[in-house]
Amino acid sequence: MEIPYTIENRPDTGIYNAKLGIWLFLASEVMLFGGLFSAYVLLRVGAEPGMWPHGWLNVTLGTINTLLLALSAITTLLAWAACKVRDFGKFKFFHACTILLALTFLGIKSYEYHDKWIHYEIALANGKFADGHLVEKSADFDLAKKIGTVTIHGRFVEDRKELMDLRSPEAQSAKLEEHTIAAADIKKLENYGPKHNTFTAIYFTLTGLHALHILGGTLVIAYLWGPGSRMWRRDPERFTNRIEVSGLFWHFVDLVWIFLFPVLYLT
Amino acid sequence: MSDTKANSAPAAPSPVPTHAPAAEGHAVNLHSYFRLCAVVFVIVLCTTSAMIATSFAHLGEGWTLKVALILAIAVINAFLVAGYLMHLLSEKKLVYTVLAFTVVFFIGLMGLTVWATNGFPPGTVSH
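Structure report, in brief. (Residues numbered from 1 in each chain as written. Chains lettered and ligands numbered in written order. Predicted model: local features only at pLDDT ≥ 70, side-chain atom pairs only at ≥ 80, totals over all residues.)

Turning our eyes to something else, we now look at the overall build of chain A. A tally of regular secondary structure across chain A gives seven helices and five strands. Of the regular secondary structure in chain A, the N- to C-terminal order runs α-α-α-β-β-β-α-β-β-α-α-α. On C-alpha atoms alone, chain A measures out to a radius of gyration of 24 Å, which is more than a quarter above the 18 Å that the 2.2 N^0.38 rule sets for 267 residues. Taken along the three principal axes of its C-alpha coordinates, chain A extends 75 × 40 × 35 Å. Relative to its 267 residues, chain A shows a buried fraction of 33%. The long-range fraction of contacts in chain A, counting pairs at least 24 apart against all pairs at least 6 apart in sequence, stands at 69%. (Helix = DSSP H or I, 4+ residues; strand = E, 2+ residues; numbered from the N terminus. Rg over C-alpha atoms; globule rule 2.2 N^0.38 Å. Buried ≥ 20, exposed ≤ 12 C-beta atoms within 10 Å, placed from the backbone. Contact = placed C-beta atoms within 7 Å.)

This part covers the interface of chain B and chain A. Note: interface size is frequently given as the accessible area lost on complex formation between the parts. Taken together, the contacts link 47 residues of chain B with 51 residues of chain A. Elements with a contribution of two residues or more to the side of chain B that touches chain A: α1 (30–56), α2 (64–85) and α3 (93–117) of chain B. No other element matches the twelve residues that α3(B) contributes to the side of chain B that touches chain A. For the side of chain B that touches chain A, the per-class residue count stands at 34 nonpolar, nine polar and four charged. (Nonpolar A, V, L, I, M, F, W, Y, C, P; charged D, E, K, R; others polar.)

A separate point is α2(B). For α2(B), which comprises 22 residues, the first-to-last C-alpha distance of 31 Å matches the rise-based estimate of 32 Å (1.5 Å per residue) to within 8%. Here α2(B) has its buried residues at K66(B), I70(B), I73(B), A74(B), N77(B), L80(B), V81(B), Y84(B) and L85(B). For α2(B), the angular spread of the buried residues around the axis is 120 degrees, confining them to a single face. Exposed side chains of α2(B) directed beyond 90 degrees from the buried face belong to T64(B), A68(B) and A72(B). Packing partners of the buried residues in α2(B) comprise α2 (59–84) and α7 (236–266) of chain A together with α1 of chain B. (Expected span 1.5 Å × (residues − 1). Arc of directions from axis to C-beta.)

If you trace the backbone, K145(A) turns up in the loop between β2 (129–137) and β3 (149–157). Put simply, K145(A) and S110(A) are 35 residues apart on the chain and 33 Å apart in space, counted from C-alpha to C-alpha.

Where β2(A) and β3(A) come together, eight bridges link them in antiparallel fashion. Its bridge partner lying in β3(A), E136(A) is registered against T151(A). (Pairing = 2+ DSSP bridges.)

Another aspect to go through is the environment of I243(A). All names here are of chain A. In this structure, I243 sits in helix α7. Judged by the 27 C-beta atoms lying within 10 Å of it, I243 falls in the buried class. Taking C-alpha positions, I243 is 11 Å from A18, a pair spaced 225 residues apart along the chain. Other than its neighbours up to four places away in sequence, I243 contacts A79, W80, C83 and L224.

Below, the structure is given as structure tokens:
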């Protein structure tokens, strides 16, 4: 049995079925991310004064990722337009560009995650704090048994609040050096993973969910670029519609990032 | 993007990339899409730069004004993507209806969130 309205528009809706389906799906996605943005607002305004982080994320990398996604949205549109004018070669080229841009985005995001994973805040027994990127842990390091040492590239501060605003003049002028700290002097050692504080929790949740969308979209686009493109030979119009539907999803992913970038990196 | 039933050959160039090519008697023109994409990308570059500049600008104490300005610029970016790249400016009525419901619920969700921020229950402890 043939699936109806995969090419021609349904008389009652005015659009083909897959297009209506993707718009309904995107509407539900808006509410999914909306819920998480709502959580972000509550966490931010509920934070104690001076305890909401600023400048923790790399603006340069965030900007590069913003432009990469904008470019990929454009190449997706051009891939669809190439299908419309029956230029399969150009379609292949533009969609390959989309895939490469998406993978680069994910690569940069992975690097950012790794950077947070090796960034440690260390509460010291003397009441001070050490903060920086892990250089090495001694082979015998065991915090529970208080043996061994840990070396970080960072700085010491008197108050934890000094670690919150990395855009402050004090933080900007701070000199980062290598420090080796004995386990016996450490009260608590924790990396900047999701459980570090509410900012990292919502940061990893929002960007992690977004990255999963990027990954899913990339897999679909790669399928349509590779084995799925066989449909072009027997039903080009239906294939073009598939490209359109996957493109709408991709643009939505770009839309989400348009708000994630300023909310997390710039404010 | 647009409806289906593509023409097999591009017709005369149109100044603006058309939506719904066959169904409404127009043809997609790749060159006009190149122009559109170039314009959109340049605007995205400008708005992104403006957001970053605003973020680092000295606009008094606090973040409220900065956040408002940056989000306003982000809305311009979002309008470009949704309006032109997703062709939302020339979509069918049904799509607008679906999105109207979404907008209402989204505004309701955010409205409740902002409302809640002004009234944490007595005794709420923040860490």
